[in-house]
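Overview (structure and organization)
Residues per chain, in single letters:
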Amino acid sequence: MKIEYGRRWQIAVHNSSFNYKGMLIGLFLLLPIPAFLISMMIGTFPLTPGEIVGLMLARLGMDLGYPSVYETVIFQVRLPRVLMAMMVGSILSVSGAAFQGIFRNPLVSPYILGLSSGAAFGAALSLGVIHWLPVQISAFLFSLIAVGAAYFMATTKGKTPVVSLVLSGVIISAVFSALLAIVQIAVDEKSLQSIVFWMMGSMNTASWSKLESSLPLALAGCLGILILRWRLNILALGDEEALSVGMNPEKYKAIFVVAAALAASSAVAVAGIIGLVGLIVPHMLRMIFGPDHRVLIPLSITFGAAFMVLVDDLARAALGFEIPVGIITTLIGAPFFAYLLRATRAGGWE
Amino acid sequence: MSRGIEIKNLSFAYDGQSILDGIDLSIERGAIVTMLGPNGCGKTTLLKTLNGLLRPKGGEVIVDGRAIDRMSPPEIARMMGHVPQGHRSSFPFTVLDIVLTGRLPHISTFSAPGERDEEVAKESLDLVGAGHLTQRPYTQISGGERQMVMIARALAQEPQFLLLDEPTSYLDFKNQIGVLKTVRKIADREGVTVIMTLHDPNHALAFSDHVVLLRKLDGKKPDGNGDGSHPHRANVVAFGPPFDVMTPMNIQEAYGMEVELVEHNGRRILLPL
């Protein structure tokens, strides 16, 4: 009886929910717009929606008599920060969703192949030792080196089994953590402080130049995943099942790892290590819309942007001082992760 | 041009260990061919060389007059559907989403499935009697239903050949028969040639047009120690209609165990002694 009831309920939801689901998808696709406007208003220097529109017009050449401090706050500080938070949120969510598809497990993060450890070491190297090397570039390069090394280590005879990838990711992370520790021991206190702060992840160093330099590769990675997203459905079924319909799973694993790593490295390089966003956002979306990557990937882009920028609002405006946003996402994310772990029994890992 | 699958002097080895040797088979279109034999005899390996997933050490596979190793994976996938052994998914994809992935060989690199693909997927589900499952999460249906869904996925490839690797394993008695009856129906109605591996000799007897009975290679050089009865130790014990192949003598040869054959109302059953 109970089962029968459950079935009927499901069928009823399906029949009545077709348009409803479409509407909800539309709503989630538009979320970044209100999130953007709200975030532009919030801050130590609050603005009304009218003022935001007015300032935008002023920027376009209309003199509406706003004091120039407004312009500095909004265009040099708040706007780049809001845009960067949105970009980073999108990237972490999309690459998280892609990695989860590749690994056939809803609980992996974009950092699973040692990306964050590599980035942290790269950043530390630049902040503490090789000062002429820009942090962003160093973090970006070393995060890619880490992912590349993990992928290479896991590949034998042209095949890259998922379990080998997980293990090589663990090893590479450990290696870079050890290297990071060496740097941390060697440098002076001031450098150490900036290394620790970098690792917590924050948007407060946002600038137009950071945005401009990270956008091209981030965009390329995200677009690649977006275009090929249906193929993640096939990859997520397993290598055998991909082969049986004529797909080369190794080729697509490599394509998706490269795209996701390029994007995630660009994000980590400008914002530091922001934990668990790449896990929470795709998972919330899966709970509402199901696991189909044709829907999941575009929604990860928009919902990831909205989520991240709102959490960053919290980070900069909730208290009198700035809290690194990585701390907030981790503190929100950890209980959520624990809940998922128990609810899905380790994500149904074989 | 011959229609069907020609296997010529095929051999295969894993890490130097010979698994398949001297296999010559000719499979005609429009039949159900069952491969049967003890664990480790190379049934699955043989099945995977047919659609090019494994590359043989020697010999060749020719499908409808074309060598399989000269065809691209999507080309092969349009011709041959394949259901690998026991599949499970971590993600609760809907049944329709799973079956849609079978459309891959018909979809170009940068596109996703369209309306026609969805139609084909739904037709395939109807064909295996799983049309009512379309929107159900794959993780919540029964093992028997899952097997039907995976067969529907292979049918969505619109193949001429269907390769099934142990389609009845992990299923209960009723579901085993259900799957085999569906396979029979697909072969008869759609004219799809089915090549499958099975574990139960009685299923092979009841549901196939031809049986390939295989034995395990003993891995040693074929001179033997006094046992002169196998001049060359190839895998195939017998190949032909089930009644001819499934004799107690052949079963003894393949499995090394004694069985008796019981006839009842024109049906044959093999019973272990």
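As a reminder, the structure under discussion sits directly above these lines.
Since the model is a prediction, treat every value here as computed from it, not as a measurement. (Residues numbered from 1 in each chain as written. Chains lettered and ligands numbered in written order. Predicted model: local features only at pLDDT ≥ 70, side-chain atom pairs only at ≥ 80, totals over all residues. Heavy atoms only, no water.)

1. Thoughts on helix α9 (residues 248-255) of chain B
Residues and elements named next belong to chain B. For α9, every residue scored as buried is listed here: N250, I251 and A254. One side of α9 carries all its buried residues, which in axial view fall inside an arc of 100 degrees. Where α9 is buried, its residues meet β9 (210-214), β10 (236-240), α8 (242-245), β11 (259-264) and β12 (267-272). G256 occupies a position one or two residues after α9 and carries a positive phi of about 70 degrees. (Buried < 20%, exposed > 50% of the residue type's maximum accessible area, 1.4 Å probe, protein only. Helix = DSSP H or I, 4+ residues; strand = E, 2+ residues; numbered from the N terminus. Arc of directions from axis to C-beta. Contact = heavy atoms within 4.5 Å.)

2. Focus on the sheet that holds strand β1 (residues 4-14) of chain B
All names here are of chain B. Here 4 strands make up an open sheet; going across it, the order is β2-β1-β4-β5 and the pairing antiparallel. On the outer flanks of this sheet lie β2 (17-28) and β5 (66-67), each paired with one strand and no other. Pairing between strand β4 (residues 58-63) and β5: 2 bridges, direction antiparallel. Looking at β5, one finds that V63 is bridged to R66. Each of β1, β2 and β4 touches helix α1 (residues 43-50); the most contacted strand, β1, lies at about 125 degrees to it. (Pairing = 2+ DSSP bridges. Axes fitted to C-alpha atoms, helices over the stretch in contact; angles between N-to-C directions.)

3. Remarks on the interface of chain B and chain A
Taken together, the 38 residues of chain B in the interface contact 34 residues of chain A. Counting the surface lost from both chain B and chain A, the interface buries some 2900 Å², and carbon and sulfur atoms represent 60% of this. For the chain B face of the interface with chain A, the top three residues by lost area are F91, F93 and L104 of chain B, together amounting to 23%. Where chain B touches chain A, the interface holds 3 salt bridges. Summed over the shared surface of chain B and chain A, the result is 8 residue pairs in polar contact (both at pLDDT 80 or more). Elements with a contribution of two residues or more to the side of chain B that touches chain A: α2 (73-79), β6 (80-83), α3 (95-100) and α5 (143-155) of chain B. Tallied by class, the residues present in the side of chain B that touches chain A amount to 19 nonpolar, 12 polar and 7 charged. (Buried area = accessible area lost by both parts, 1.4 Å probe. Salt bridge = Lys/Arg side-chain N within 4 Å of Asp/Glu carboxyl O. Polar contact = N/O pair within 3.5 Å; in protein donor to acceptor, adjacent residues only side chain to side chain. Nonpolar A, V, L, I, M, F, W, Y, C, P; charged D, E, K, R; others polar.)

4. Concerning the packing of aromatic side chains
Enumeration over the complete set of coordinates arrives at 10 aromatic pairs over all chains. Both rings, one in F121 of chain A and one in F142 of chain A, keep their centres 5.1 Å apart while their planes meet at 85 degrees; by these two values the pair is edge-to-face. Of the two residues, F121 of chain A sits in helix α5 (residues 115-129) while F142 of chain A sits in helix α6 (residues 135-154), which places them 21 residues apart along the sequence. No difference in accessibility class separates F121 of chain A from F142 of chain A, as the two residues are buried. Ring plane angle 80 degrees and centroid distance 5.0 Å describe the contact between F12 of chain B and Y14 of chain B, whose orientation is recorded as edge-to-face. Its end group placed over the ring of Y138 of chain B, R146 of chain B keeps NZ or CZ at 5.7 Å from the ring centre. (Phe/Tyr/Trp six-rings, centres within 6.5 Å; stacked < 30°, edge-to-face > 60°. Lys NZ or Arg CZ within 6 Å of the ring centre and 35° of its normal.)

5. Notes on the sheet that holds β6 of chain B
Adjacent strands of a sheet pair through backbone hydrogen bonds, lying either parallel or antiparallel. Residues and elements named next belong to chain B. The sheet built from 6 strands is open, its strands ordered β6-β7-β8-β3-β9-β10 with mixed pairing. Both edges of this open sheet fall to β6 and β10, since each of them pairs with a single strand only. Direction aside, neighbouring strands of the sheet carry axes that sit 10 degrees apart on average. Bridging between strand β7 (residues 161-165) and strand β8 (residues 193-198) involves 5 bridges; their strand directions are parallel. Considered in β8, the bridge of F161 is made with T193. The strands that α5 touches are β6 and β7; relative to β6, the one it contacts most, it runs at about 160 degrees. Here α9 sits on the sheet in contact with β3 (32-36), β9 and β10, set at roughly 40 degrees to β9.

6. So, unusual backbone geometry
One non-glycine residue, L276 of chain A, adopts positive backbone phi at about 70 degrees. Its place among the elements puts L276 of chain A in the loop between α12 (249-271) and α13 (277-289). Although it is not a glycine, E166 of chain B sits at a positive phi angle of roughly 45 degrees. When its relative accessible area of 11% is taken as the criterion, E166 of chain B is described as buried.

7. Structural notes on helix α4 (residues 68-103) of chain A
Residues and elements named next belong to chain A. Here α4 contains 36 residues, and its C-alpha end-to-end distance of 51 Å stays within 8% of the 52 Å for a straight helix at 1.5 Å per residue. At R78, α4 is deflected by roughly 40 degrees, the largest bend along its length, and proline P80 occurs up to four residues later in sequence. Where burial is concerned, most of α4 is hidden: 29 out of the 36 residues are buried. A positive backbone phi angle near 55 degrees is found at R104, which sits one or two residues after α4. (Expected span 1.5 Å × (residues − 1). Bend = angle between axes of the 7 residues up to and from the residue.)

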